[in-house]
Amino acid sequence: MPLFPRAPRSPLYPVFSRYVLTSLFAFSLSAALAQPALAGVNVVATTQDLASLTEAVGGSNVTVSYIARGDLDPHFIDAKPSYMVKLSSANLLIAVGLDLEVGWLPSLVTGSRNPKIVAGSLGYLDASTAIKPIEVPSGSIDRSQGDLHPGGNPHYWMNPENGRKVARLIEQRLEALDAAHAADYKANLARFEATLTSKEAQWTAALAPFRGSAVIGYHPTFDYFADAYGLKVVGFVEPKPGIPPTPKHSLELAGIARAEGVKFVFVEPYHNPEDARSIGSNSGAKVLSMPTSVGGMTGVNTYTDLFDTLVRLITTGK
Ligand SMILES: [Zn+2]
C-alpha cells in the first residue's frame, strides 16, 4: 500500500495549477514530517521484549515499535492517545496475552480504528499461544485472591525457551503477512536461535551453583525464570499478586526466608526495593533489583541482554 496515494488531478488543474501544486506539496511535506516513512511490515509490540524478538526475526523487512517501556509495570500502562496513533497504521500488533494488557490494550485498539489489528485477524498476534502457561488457577477465581490472571502467569518471556517459541511464532506470522521475504525471516530466525542456544549454555552453566536455591519474588514476575534455572520461589513480597506489601506480611516472610535459607529477594525496577529491605535485613537474603524486560535497566537492549544481565546480577550479587 503506498504511503502517499497519488492525489487525483483537479479538473481546475490548468487554472490553479500553481496554487494546487504548491498546496499539495505543502500538504505532503507536512504529512511526511508528521509521520516518518515506514519500511516493510509495520509492527507494534506491546512490550520491548516482543519488540526485540520481532526485530531479531524481522530484520530490515520490518519497522518495529512498542507501547510499554521495559522499566514500567506492564500491568498498568496509561492508554495515551499517541499509542492509538501508533496503532492506527500498524499491519501487525503483537501482545503478550494471558490478560497482562487487559487494563489498557483493548481501549487502545478500539481508539486506533484499525480493523487490521483486532483480535482474530491476521494483524493480531497473541504471543502466549506459543507457550505453555504455568500457575493456571484452578476453580473459580475472584478479586479476593488479588490480581490473578485466569489463563495463567503472563510473565513467560522470562524463560528463554519461551522466547524461542515466541520468535518462531512471530516468524510464521511475518511470513503470512509478507511471503515475499519468507527466506529472510527463516534465515533471521535460524541466526537468532543459534545465538540463543549458545547463550543458554552459558547461562545454565553460570547459574548451576544456584540450582535448588530458595528465592523470594516481589510479584510472580520471576517464576518462569526460576523454573528455567532450578530456583525455588518460596514467597512474594506482595501478600497477593498486585496487592502492596504490609509490615505484617513482610515479617512473616522474613521468618520464611530464615527458615528456608533464602538467598535472594528479586525486585522489579518499578517496585521499591525498600519494601523488601526488612526481609533481607531480618534473614540475610540479598535484595536484588532485577530487570524484567528489555529496556528495564541500562545496558539491557536486546532479549539476550536481559538474561546476560539477570545472570550477572545473580552471580555477582550486585
Ligand atoms: Zn503479573
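See the structure above.
Residues numbered from 1 in each chain as written. Predicted model: local features only at pLDDT ≥ 70, side-chain atom pairs only at ≥ 80, totals over all residues.

**Q** Explanation requested: helix 4 (residues 105–112) in the structure shown.
**A** Every α-helical turn comprises 3.6 residues, leaving residues that sit three or four positions apart pointing alike. Among all positions in helix 4, only Leu105, Leu108, Val109 and Ser112 are buried. Axial view of helix 4: buried residues confined to an arc of 100 degrees, hence all on one face. (Buried ≥ 20, exposed ≤ 12 C-beta atoms within 10 Å, placed from the backbone. Helix = DSSP H or I, 4+ residues; strand = E, 2+ residues; numbered from the N terminus. Arc of directions from axis to C-beta.)

**Q** Can you walk me through the sheet that holds strand 7 (residues 264–267) in this structure?
**A** Within a sheet, neighbouring strands are paired by backbone hydrogen bonds and run either parallel or antiparallel to one another. Strands sit in the order 6-5-7-8 across an open sheet of 4 strands; the sheet is parallel. Where the open sheet ends on each side, the last strands, each with one partner, are strand 6 (232–236) and strand 8 (286–289). In this sheet, neighbouring strand axes are inclined to one another by 30 degrees on average, regardless of whether the strands run parallel or antiparallel. Here strand 5 (residues 214–217) runs beside strand 6; their pairing, made up of 4 bridges, is parallel. Along strand 6, the bridge assignment pairs Val215 with Val233. (Pairing = 2+ DSSP bridges. Axes fitted to C-alpha atoms, helices over the stretch in contact; angles between N-to-C directions.)

**Q** Help me out: how do you make sense of the nonpolar core in this one?
**A** Note that soluble globular proteins tend to have their nonpolar side chains buried in a common cluster. Of all hydrophobic cores here, the largest spans 76 residues; its most connected members are Ile94, Ile216 and Val265. The leading source of residues in this core is helix 6 (residues 182–207), at 6 residues. Taken domain by domain, this core gets at least three of its residues from each of domain 1 (41–200) and domain 2 (202–316). (Core = buried A, V, L, I, M, F, W, Y, C linked by C-beta atoms within 7 Å. Domains from an automatic or database assignment.)

**Q** Got a minute to help me understand the environment of His219 in this structure?
**A** Within the fold, His219 resides in the loop between strand 5 and helix 7 (223–229). By the C-beta count within 10 Å, which is 24 here, His219 ends up buried. Spatially, the C-alpha atoms of His219 and Pro244 are 9.7 Å apart, while their sequence positions differ by 25 residues.

**Q** Would you take a moment to explain the sheet that holds strand 4 (residues 124–126) for this structure?
**A** Within the open sheet, the 4 strands sit side by side as 2-1-3-4. Their pairing is parallel. Strands at the two margins of the open sheet, each flanked by one partner only, are strand 2 (62–68) and strand 4. Taking the axes of each pair of neighbouring strands and ignoring which way they run, one obtains an average angle of 20 degrees across the sheet. Relative to the sheet, helix 2 (residues 48–58) contacts strand 1 (41–47), strand 2 and strand 3 (92–95), its axis offset from that of strand 1 by approximately 150 degrees. (Contact = placed C-beta atoms within 7 Å.)

**Q** What should I look at first to understand the pairing of strand 5 in this one?
**A** Within a regular beta strand, the side chains point alternately toward one face of the sheet and then the other, so they alternate between its two faces. Once you follow strand 5 into helix 7 and on to strand 6, the crossover reads as right-handed. Pairing of strand 5 with strand 7 involves 3 bridges; the strand directions are parallel. Paired with Ile216 across the strands is Val265, a residue of strand 7. (Right-handed = clockwise from strand over helix to strand, strands pointing away.)

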